[in-house]
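Each chain, letter by letter, is given below.
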Amino acid sequence: MSIASPPPIRQLIPESAPFTPEQRTWLNGFFAGLVLLEDAAITPLSPAESAALMPTGPAVAKGPLDDGDDDEAPWHDQTLPLAERMTLAQGRPLRRRMMAAMAQQDCGQCGYNCQDYSNALVLRTEERLNLCVPGGKETARMLKTLYSEIDVAPRAPATVATPLAASAPSVEPGRSRDRPVLATFLSRTRLNKRGSEKETWHVEFDLADAGLDYTVGDSFGIFPSNDPTLAEAVIEALAAPADFPIGGRALRDVLIEGVALGPAPDMLFQLFSYVTGGDRRQKAKALAAGDDPDGDAASLDVLAAIEKFRGVRPDPEAFIEALDPLQPRLYSIASSPKVDPQRLALTVDAVRYPRNGRTRLGVASTFFADRVTPGQKLPVYVQPAQHFHLPADPSVPIIMIGPGTGVAPFRAFLHERMATKASGRNWLFFGHQHSNYDFFYEDELAGMKAARVLTRLTLAWSRDAEHKIYVQDRMREVGRDLWAWLAEGARIYVCGDAKRMAKDVERALVDVVAAHGVRSTDEAIAFVADLKKKGRYHQDVY
Ligand SMILES: Cc1cc2nc3c(=O)[nH]c(=O)nc-3n(C[C@H](O)[C@H](O)[C@H](O)COP(=O)(O)OP(=O)(O)OC[C@H]3O[C@@H](n4cnc5c(N)ncnc54)[C@H](O)[C@@H]3O)c2cc1C
Ligand SMILES: NC(=O)c1ccc[n+]([C@@H]2O[C@H](COP(=O)([O-])OP(=O)(O)OC[C@H]3O[C@@H](n4cnc5c(N)ncnc54)[C@H](OP(=O)(O)O)[C@@H]3O)[C@@H](O)[C@H]2O)c1
């Protein structure tokens, strides 16, 4: 049987158009596809015609994502700082470097995972560069620099990288930031006792009207609003009327509910550079470019930025446009639907810190701690975990390492394993500052230990003694047993601080494997890497 040769691709892009031969070939293929799709509405394409449209073979140049770079992404590690991630991605295609600029949490807060977000930016199906909450301003700035490399090629079809929400069948309400549902805030209870330096809250929601379900390991997305006092201080500093109309809403309302008042975005300094002169203009331009002329850039939230350029009077609408949108925040779910499908719990550490004479407030955490009232309905969604799940086999032993708020998903795991009468053994490493004040869920954990659901509880109090004791110190102390659990097929889960704890815990695990698995350090590193590959080592760190 002979195979008919495919028809040549139509030349739709004139030779005189300002494209390289490769770009022209790709664009011809792309537009030919669109034209033929229209034709196909009348006459179906033959297989040969369809084949001719596929961007394969030497005749058709590659699309922006077909750059042959599907290798592992060594920068895909949320514990690495941005500079290190960018170094690892050096020389890779733009979409890969854009991926390296993301915080690598695959948390879904932006509506994508890290790879899909960067692909969507390269394909220009997504234009917002400031969606990566964990990456913050650093990521947004790097993306802005990289974005300038995107050439003038027209938008590609929007089918390759769509937000998780739009691409998955799970586009149901309450499954992404784009389709939140209303849930009722029930209560907050302080988890630290009097005398603690921390302020952590057990928060509960009623899901009865939300029609939401979830799995342990998932996170809960919430849309906070800003502290009204801060919004009012901004209005006063701008000397603008609080009821100035912006898109049909009052300036005050937009400042409370619509925009981020945290780190001042580059756009704001750019705006200031337009409405101020002389030395101040140069400073504003420098800040907009990411420089730090006075050594205070890191401390400039929106209010501090206005105060720095005291007397600037931008148009309130232009001011709002220069700010970033207020983003949702994610919290690890600390309850199991197997215990009560309608009641969902979180463990939230309130972020408050002094800076230049003012207490700065974390938006969402203090929204829970101070501003939301029981009975209030809030827009929320469930962000399904990608890998942070209990083993499907209930007999598999699990080791959970979760200091501070990192205990949240492990409370959920333990509740679930208790409710389902899972036979697998459970070992929790918990740690915090003081045993007297910061022992979250102490009674519950004692109850689960008595009920033999919690097989083993190992505690590390960092500020009870002269020397700090952290969970990783305890891991080394009980390394022999840890190795025995691993050898019996246990899975390891780590939750909490990404910047320091997660790295230190991994290092401790390598030491344990080397010491008790009798391996060289290199072999132990490879062993731990293999645990990750095999889905036996999971991190949910932030
Ligand atoms: C998947 C996932 C799960 C999470 N689970 C939990 C959880 O279970 N519990 C929990 O509490 N959080 C959790 N977080 C973190 C949470 O989403 C928020 O980031 C956190 O509550 C802070 O948000 P915020 O709006 O209160 O603070 P923001 O307004 O976002 O402010 C936080 C920023 O303030 C700055 N900052 C904070 N402290 C200081 C300081 N001492 N000095 C100087 N600057 C400082 C930092 O720049 C920080 O990024 C999770 C995050 C992710 C991605
Ligand atoms: N994005 C945000 O703004 C935000 C909001 C909430 C929490 N977080 C972060 O999320 C993490 C959890 O916060 P949290 O309040 O639950 O508790 P935390 O600050 O992580 O503290 C929990 C315990 O971990 C200890 N610890 C500190 N460094 C460690 C290390 N390298 N290895 C192991 N343990 C270490 C602490 O000890 P010492 O304190 O005595 O050193 C404390 O005993 C923190 O990193 C926190 O900064 C971030």
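The rules we used
Residues numbered from 1 in each chain as written. Chains lettered and ligands numbered in written order. Predicted model: local features only at pLDDT ≥ 70, side-chain atom pairs only at ≥ 80, totals over all residues. Heavy atoms only, no water. Core = buried A, V, L, I, M, F, W, Y, C linked by side-chain atoms within 4.5 Å. Buried < 20%, exposed > 50% of the residue type's maximum accessible area, 1.4 Å probe, protein only. Helix = DSSP H or I, 4+ residues; strand = E, 2+ residues; numbered from the N terminus. Contact = heavy atoms within 4.5 Å. Pairing = 2+ DSSP bridges. Phe/Tyr/Trp six-rings, centres within 6.5 Å; stacked < 30°, edge-to-face > 60°. Lys NZ or Arg CZ within 6 Å of the ring centre and 35° of its normal. Near = heavy atom within 4 Å. Polar contact = N/O pair within 3.5 Å; in protein donor to acceptor, adjacent residues only side chain to side chain. Areas by Shrake-Rupley, 256 points an atom, 1.4 Å probe, with all protein chains shown as cover. Nonpolar A, V, L, I, M, F, W, Y, C, P; charged D, E, K, R; others polar. Salt bridge = Lys/Arg side-chain N within 4 Å of Asp/Glu carboxyl O. Axes fitted to C-alpha atoms, helices over the stretch in contact; angles between N-to-C directions. Parallel < 35°, antiparallel > 145°, perpendicular 65-115°, else oblique. Left-handed = near helix turned anticlockwise from the far one by under 90°.

K.L.:
Which parts of the structure should I look at to understand the nonpolar core?
P.N.:
In a soluble, globular protein the nonpolar side chains are often hidden away together inside. Counting residues in hydrophobic clusters, the biggest one holds 33 residues, and the most contacted among them are Leu255, Leu268, Phe269, Phe272 and Phe319. Those elements giving two or more residues to this core turn out to be helix H8 (228–238), helix H9 (251–257), helix H10 (266–275), helix H11 (278–288), helix H12 (302–308) and helix H13 (316–322). Ignoring anything within four residues of it in the chain, the contact list for Leu268 reads Val302, Ala305, Phe319, Ala322 and Leu323. Among the nonpolar cores identified, the runner-up in size contains 31 residues, and Trp427, Val471, Ala508 and Val541 belong to it.

K.L.:
Got a minute to help me understand the pairing of strand S1 (residues 181–190) in this structure?
P.N.:
Each regular strand shows side chains that alternate between the opposite faces of the sheet. Relative to strand S10 (residues 377–383), S1 runs antiparallel, the two sharing four bridges. Within the sheet, the bridge partner assigned to Thr184 lies in S10 and is Lys377. Relative to strand S2 (residues 200–206), S1 runs antiparallel, the two sharing six bridges. Each bridged residue has a counterpart across the sheet, and for Thr189 the counterpart in S2 is His202.

K.L.:
What is the right way to read the environment of Asp206 from this model?
P.N.:
With respect to the helices and strands, the residue Asp206 is situated in strand S2. Overall, Asp206 belongs to the partly exposed group, its relative accessible area being 24%. For the pair Asp206 and Leu182, spaced 24 residues apart in sequence, the C-alpha separation works out to 9.8 Å. If sequence neighbours within four positions are ignored, Asp206 has contacts with Ala183, Thr184, Leu186 and Gln342.

K.L.:
Would you mind showing me how to read the packing of aromatic side chains here?
P.N.:
What describes a pair of aromatic rings is the distance from one ring centre to the other and the angle between the planes of the rings. As enumerated under the stated definition, the model contains 23 aromatic pairs in all. The structure contains a cluster of three or more aromatic residues connected by ring pairs, namely Phe185, Phe205, Phe220, Tyr331, Phe367 and Phe368. When the ring centre of Trp485 is taken as reference, the NZ or CZ atom of Arg425 above it lies at 4.3 Å. It is Lys532 that lies over the ring of Tyr537; its NZ or CZ is 5.5 Å from the centre.

K.L.:
Explain the site of ligand 1 to me, please; I cannot follow it from the model alone.
P.N.:
Taken together, 21 residues lie around ligand 1, and Leu330, Tyr331, Thr347, Ala364 and Ser365 are the ones closest in. At 3.1 Å, a backbone N or O of Ser332 approaches a nitrogen atom of ligand 1. In isolation ligand 1 has 970 Å² of accessible area, and contact with the protein removes 69% of it. Elements with a minimum of two residues in the shell around ligand 1: strand S6 (329–332), strand S7 (343–349), strand S8 (352–355) and helix H14 (363–371). Tallied by class, residues from the shell around ligand 1 come to nine nonpolar, eight polar and four charged.

K.L.:
Which parts of the structure should I look at to understand helix H5 (residues 114–123)?
P.N.:
Side chains that are three or four residues apart share a direction in an α-helix, a result of its 3.6 residues per turn. Extensive coverage of H5 is indicated by the burial of eight of its ten residues. Those residues of H5 that fall on the buried side of the exposure criterion are Cys114, Tyr117, Ser118, Asn119, Ala120, Leu121, Val122 and Leu123. N-cap assignment for H5: the residue whose side-chain oxygen lies 3.2 Å from the backbone N of Gln115 is Asn113. Two residues or fewer past H5, Arg124 is found with a positive phi of approximately 60°.

K.L.:
How do you make sense of H11 when you look at a structure like this?
P.N.:
Of all the residues in H11, the buried ones are Ala284, Ala286, Leu287 and Ala288. Buried residues in H11 make contact with helix H6 (136–147), H10 and H12. One or two positions beyond H11, positive phi appears at Gly290, with a value near 90°.

K.L.:
Just to check I follow, could you spell out the pattern of salt bridges for this structure?
P.N.:
Oppositely charged side chains can form a pair if their charged atoms are brought close together. Summed over all chains, the structure comprises 30 salt bridges. Across the salt bridge formed by Glu204 and Arg343, the nearest N and O atoms sit 2.8 Å from each other. In this pair, Glu204 is assigned in strand S2 and Arg343 in strand S7, connecting sequence segments 139 residues apart. For Asp504, the salt bridge is made with Arg507, and the minimal N-O distance between the two is 3.2 Å. With a gap of three residues between them, Asp504 and Arg507 both fall in helix H19 (residues 501–516), about one helical turn apart. Of the residues examined, Asp504 reaches a relative accessible area of 25% and is grouped as partly exposed. Shared partners join several salt bridges into a network, and the residues in it are Lys283, Asp294, Asp296 and Lys308.

K.L.:
What am I meant to see in the packing of helix H4 (residues 94–101) against H6 here?
P.N.:
Pairs of packed helices are described in terms of their axes, by the angle between the two and the distance that separates them. Running from N to C, H4 and H6 cross one another at 170°; their axes reach a closest spacing of 9 Å. When the interaxial angle is binned, H4 and H6 end up roughly antiparallel. The way H4 lies across H6 gives a crossing that is right-handed. Of the residues in H6, those in contact with Leu94, Arg97, Met98 and Ala101 of H4 are Thr139, Met142, Leu143, Leu146 and Tyr147. Of the residues assigned to the contact of H4 with H6, the class counts are seven nonpolar, one polar and one charged.

What is shown is where atoms sit, not what they do.
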